[in-house]
Amino acid sequence: MTVKDILAAIQSPDSTSEDFAALPLPESYRAITVHKDETEMFAGLATRDKDPRKSIHLDEVPLPELGPGEALVAVMASSVNYNSVWTSIFEPLSTFGFLERYGRTSELAKRHDLPYHIIGSDLAGVVLRTGPGVNAWRPGDEVVAHCLSVELESSDGHNDTMLDPEQRIWGFETNFGGLAEIALVKSNQLMPKPDHLSWEEAAAPGLVNSTAYRQLVSRNGAGMKQGDNVLIWGASGGLGSYATQFALAGGANPICVVSSEQKANICRSMGAEAIIDRNAEGYKFWKDENTQDPKEWKRFGKRIRELTGGEDIDIVFEHPGRETFGASVFVTRKGGTITTCASTSGYMHEYDNRYLWMSLKRIIGSHFANYREAWEANRLIAKGKIHPTLSKVYSLEDTGQAAFDVHRNLHQGKVGVLCMAPEEGLGVRDQAKRAQHIDAINRFRNI
Ligand SMILES: C/C=C/C(=O)SCCNC(=O)CCNC(=O)[C@H](O)C(C)(C)COP(=O)(O)OP(=O)(O)OC[C@H]1O[C@@H](n2cnc3c(N)ncnc32)[C@H](O)[C@@H]1OP(=O)(O)O
Ligand SMILES: NC(=O)C1=CN([C@@H]2O[C@H](COP(=O)(O)OP(=O)(O)OC[C@H]3O[C@@H](n4cnc5c(N)ncnc54)[C@H](OP(=O)(O)O)[C@@H]3O)[C@@H](O)[C@H]2O)C=CC1
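These numbers come from a predicted model, not from an experiment.

1. What to know about the sheet that holds strand β12 (residues 253-258)
Reasoning step 1: Taken in spatial order, the 6 strands line up as β13-β12-β11-β16-β17-β18 in an open sheet, and their pairing is parallel. Only two strands of the sheet have a single partner each, and these edge strands are β13 (274-277) and β18 (362-365). Between one strand axis and the next, the sheet turns by 20° as a mean value, whatever way the strands run.
Reasoning step 2: Where β12 meets β13, 4 bridges bridge the pair, whose relative direction is parallel. Residue pairing for β13: Ile255 is matched across the bridge by Ala274.

Encoded structure:
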């Protein structure tokens with residue numbers, strides 16, 4: 001039995017759940033990996049010069065054993081997230097440390113501690129097998145997977161599963177990720193595939209859409225409400241393209257920051273009106289490596305006031321980190337919120353704390369999303385209220401180039417990867433719903 005036979009079953013309209021359950025599984029499959037013996041390959045290089053094309057490999061790997069509560073999924077398509085960029089440049093840490101630590105927790109978890117790491121935290125595909133104790137999903141189900149892996153043996157995670165002490169990001173802190181022909185997930189990562197989307201479109205939103213939902217909309221994040229002024233950094237990027245849609249769909253007022261006229265136009269096409277081109281307007285929040293320039297924070301705040309009719313920011317959607325954080329804290333209104341999930345430009349932030357405490361502002365740390373939040377975010381995609389922001393699609397062989405594009409900020413929105421799917425456009429089940437939303441679905445394509 002080969003991956004080709006699985007693909008034939010997926011492409012046949014007559015295949016039943018029983019057919020999928022009866023399909024023998026292949027002994028091995030193709031997967032995108034980084035190698036443990038290469039973690040020092042970029043030693044001494046600047047972050048920018050570390051090239052994912054050199055560290056990312058396409059390998060034939062053995063099929064992992066299926067455990068209780070788990071599912072093996074045939075992956076039709078996946079997408080590139082920035083966490084795969086971090087893994088491929090071995091920053092801020094090598095992810096093999098995460099796999100070793102996970103491997104020490106149980107006999108079953110030992111499977112994850114391997115000399116190669118199969119990366120990727122998104123997928124759209126078809127369930128092949130489920131392990132003992134899985135009743136909600138069956139072979140043949142068309143699914144997407146979110147990337148929250150939890151054990152839930154401790155009480156800590158039972159209010160909000162992101163607080164589980166054994167919380168991990170699948171395909172980053174666990175092995176057997178989505179940039180592969182077959183992936184291993186916990187069954188409580190599975191969600192129904194939106195039926196009006198192709199495989200690659202369905203695989204694109206997952207990680208960033210769920211993260212933006214918790215960070216901006218959920219009560220666990222900023223709890224955005226109608227009329228809020230929301231400052232969105234990287235508003236046409238992975239996270240930002242969903243944050244912008246949530247702000248618009250939720251009756252808020254996004255103030256979109258981007259770095260080119262082309263990206264400004266993408267934000268306009270989503271319906272945003274207040275846009276700041278940080279490049280054209282030349283903001284320089286740092287005078288040198290160690291000194292910020294409060295005059296530049298003020299110039300930025302003045303520009304925001306011009307765009308809002310004199311109002312300040314209720315919520316900052318932060319992720320660039322060190323480069324922008326001082327400005328983000330400054331431009332937030334009295335009582336406002338800075339919600340952060342990342343530090344792309346550096347994690348040692350500096351800001352003037354007087355502006356935080358004297359104006360009663362709050363900084364909220366946010367990380368991915370719990371199952372319910374991911375489910376709600378996916379439901380909005382399925383209902384055609386939020387749309388994928390897929391721009392370009394690569395083959396599995398070219399994943400290194402795809403990750404390079406994201407690392408160098410050469411991409412728009414999300415970058416997709418075809419895994420088992422032989423071409424783009426397959427997997428659409430509801431053509432009528434698709435036709436209703438086709439312009440929005442294609443907004444980011446090939447720009
Ligand atoms: C969904 C997508 C998401 C993204 O894209 S996010 C972006 C990508 N992700 C990242 O960049 C994050 C990568 N991860 C990390 O950088 C690290 O993962 C962390 C900094 C988050 C954590 O560092 P670590 O070294 O893994 O863990 P420690 O908690 O610092 O543990 C080290 C030792 O410190 C002890 N410790 C922890 N808290 C305390 C405390 N409050 N008081 C005293 N000790 C403490 C521990 O126990 C342990 O000790 P012992 O080494 O002996 O086992
Ligand atoms: N904790 C979590 O759960 C998650 C964390 N992340 C993290 O968030 C970060 C962003 O991810 P994602 O949105 O997918 O990445 P993208 O690269 O797709 O988008 C980020 C955007 O941020 C803008 N940007 C980058 N650097 C700077 C800077 N120095 N100053 C201002 N703007 C900047 C760029 O937009 P422009 O050039 O147009 O301004 C870029 O397009 C990554 O570090 C990622 O690891 C992502 C998802 C989940």
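2. So, the site of ligand 1
Reasoning step 1: All residues adjacent to ligand 1 are Asn83, Trp86, Pro92, Leu93, Phe98, Arg101, Ile169, Phe172, Leu207 and His367.
Reasoning step 2: For ligand 1, an oxygen atom lies 3.1 Å from a polar atom in the side chain of Arg101.
Reasoning step 3: In isolation ligand 1 exposes 1100 Å². Once the protein is present, 34% of that is buried.
Reasoning step 4: The set of elements that each furnish at least two residues to the shell around ligand 1 consists of α4 (82-88) and α5 (96-103).
Reasoning step 5: Split by residue class, the shell around ligand 1 holds 7 nonpolar, 2 polar and 1 charged.

3. Some points on the UniProt feature "domain: Enoyl reductase (ER)" (unreviewed entry) in the protein chain
Reasoning step 1: Feature annotation in UniProt assigns "domain: Enoyl reductase (ER)" (unreviewed entry) to the following positions: residues 51-417.
Reasoning step 2: Between the end C-alpha atoms of residues 51-417 the distance is 18 Å, and the span holds 30% helix and 25% strand.

4. Observations concerning the environment of Leu23
Reasoning step 1: Within the secondary structure layout, Leu23 lies in the loop between α2 (17-22) and β1 (28-35).
Reasoning step 2: When the C-alpha positions of Leu23 and Leu128 are compared, they lie 8.1 Å apart, and in sequence the two are 105 residues distant.

5. Regarding the site of ligand 2
Reasoning step 1: Close to ligand 2 lie 25 residues; Ser259, Arg278, Thr344, Phe368 and His411 are nearest.
Reasoning step 2: Between a nitrogen atom of ligand 2 and a main-chain N or O atom of Cys341, the distance comes to 2.8 Å.
Reasoning step 3: His367 places a polar side-chain atom, nitrogen or oxygen, 2.9 Å from a nitrogen atom of ligand 2.
Reasoning step 4: With the chains in place, 90% of the 910 Å² that ligand 2 exposes on its own is no longer accessible.
Reasoning step 5: Secondary structure elements with two or more residues in the shell around ligand 2: α4, α7 (206-217), α8 (238-249) and α11 (322-331).

Rules used in this analysis
All residue numbers refer to positions counted from 1 along the written sequence of the respective chain. The order in which chains are written sets their letters, starting at A; the order in which ligands are written sets their numbers, starting at 1. Where local features are concerned, this predicted model is filtered to residues with pLDDT of at least 70; where side-chain atom pairs are given and counted, the filter is 80 or more; whole-chain, interface and lining totals use all residues. As a rule here, side-chain values come from all non-hydrogen atoms in the structure, and water together with hydrogens is ignored. Pairing between two strands is assigned when DSSP locates at least 2 bridges connecting them. Numbering of helices and strands runs from the N terminus; a helix is a DSSP stretch of H or I covering at least four residues, while a strand is a stretch of E covering at least two. Note on geometry: axes are C-alpha line fits, over the in-contact stretch for helices, and angles between N-to-C directions span 0 to 180 degrees. We call a residue near a molecule or strand as soon as one heavy atom of that residue lies within 4 Å of the molecule or strand. Polar contact is the term for a pair of N or O atoms within 3.5 Å; when the atoms are in protein, one must be able to donate a hydrogen and the other to accept it, and sequence-neighboring residues count only if both atoms are side-chain atoms. Here the open area of atoms and residues is found with the Shrake-Rupley method and a 1.4 Å probe, where only the protein chains shown may cover a residue. Here the term charged refers only to Asp, Glu, Lys and Arg, the term nonpolar to Ala, Val, Leu, Ile, Met, Phe, Trp, Tyr, Cys and Pro, and the term polar to all other amino acids, Gly among them. UniProt positions are given in the numbering used here, feature names are shortened, and annotations may be inferred rather than shown by experiment.

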